[in-house]
Amino acid sequence: LLYPEKCQIDLVKKGIRLMNIPDINERENLVLFLQNYTKVHQNQFNYIWKELKLALTNARHGIYTEYCIDPIMSYLSHLMPSNTATFYFKYLSQILFSHLLPLFHNEHLLLYFTKLSNLIIQITKQNYNDQLNVIQYLLKYFPIQCGQKQPLFVSVLISITSTMQSDQ
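Thresholds applied
Residues numbered from 1 in each chain as written. Predicted model: local features only at pLDDT ≥ 70, side-chain atom pairs only at ≥ 80, totals over all residues. Heavy atoms only, no water. Salt bridge = Lys/Arg side-chain N within 4 Å of Asp/Glu carboxyl O. Helix = DSSP H or I, 4+ residues; strand = E, 2+ residues; numbered from the N terminus. Buried < 20%, exposed > 50% of the residue type's maximum accessible area, 1.4 Å probe, protein only. Contact = heavy atoms within 4.5 Å. Polar contact = N/O pair within 3.5 Å; in protein donor to acceptor, adjacent residues only side chain to side chain.

Chemist: Would you take a moment to explain the pattern of salt bridges for this structure?
Modeler: Side-chain pairing between opposite charges can occur once the charged atoms of the two side chains come close. Under the criterion given, the structure shown has 3 salt bridges. Here D70 and R27 are joined by a salt bridge, their closest N and O atoms 4.0 Å apart. In this pair, D70 sits in helix α4 (residues 69-79) while R27 sits in helix α2 (residues 24-40), placing the two residues 43 residues apart along the sequence. For D70, a relative accessible area of 8% translates into the label buried. Across the salt bridge formed by K115 and E28, the nearest N and O atoms sit 3.2 Å from each other. Of this pair, K115 sits in helix α6 (residues 113-124) while E28 sits in helix α2, placing them 87 residues apart in sequence.

Next comes the structure, spelled out in structure tokens:
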């Protein structure tokens with residue numbers, strides 16, 4: 001079953017841009033569209049991946065709103081439990097330090113914190129070195145002056161250390 005001819009990759013790009021809207025129901029519908037499009041058009045995943053990375057970069061630099069981060073985290077989290085998770089895992093691990101962790105600097109972290117931290121924990125769960133590097137990153141950028149963010153940082157630090165084996 002293929003999408004109609006009108007449903008091309010340009011529509012995916014528009015859908016990612018539309019994830020900037022504040023309505024959570026609309027954003028989640030866009031995520032479902034993107035998930036289904038990816039299933040049917042796996043050969044276009046590299047283009048979709050490029051657009052997602054661009055959207056995260058744009059959100060980090062204030063070009064896009066922080067609303068787009070939450071649905072992108074939903075989409076990326078959806079990739080992990082799939083039967084092709086090893087294929088997608090290499091993509092996710094490549095953006096861990098360049099795109100995902102810098103999102104902790106955003107002042108609206110609370111809007112997408114749960115999905116972001118869960119995704120980071122999923123990515124680092126099997127890799128001790130990544131776990132240590134994420135912990136070091138979070139400690140380096142711990143928000144000493146922002147009392148609202150401190151519990152969030154502590155929460156993700158606890159979650160990461162709890163996934164580590166006792167001998168580590």
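And the narrative resumes.
Chemist: What should I look at first to understand the environment of L103 in this one?
Modeler: Relative to the assigned elements, L103 resides in the loop between α5 (85-100) and α6. L103 has contacts with L56, R60, I69, M73, L109, Y112 and L116, leaving out every residue within four places of it along the chain.

Chemist: Mind showing me how you'd approach the environment of T163 here?
Modeler: Structurally, the position occupied by T163 is in helix α8 (residues 150-163). The spatial distance from the C-alpha of T163 to the C-alpha of K125 is 6.4 Å, given a sequence separation of 38 residues. Among all residues touching T163, those that are not within four sequence positions of it are I121 and Q131. A polar contact of 2.7 Å, which involves the side chain of T163, links it to the backbone oxygen of I160.

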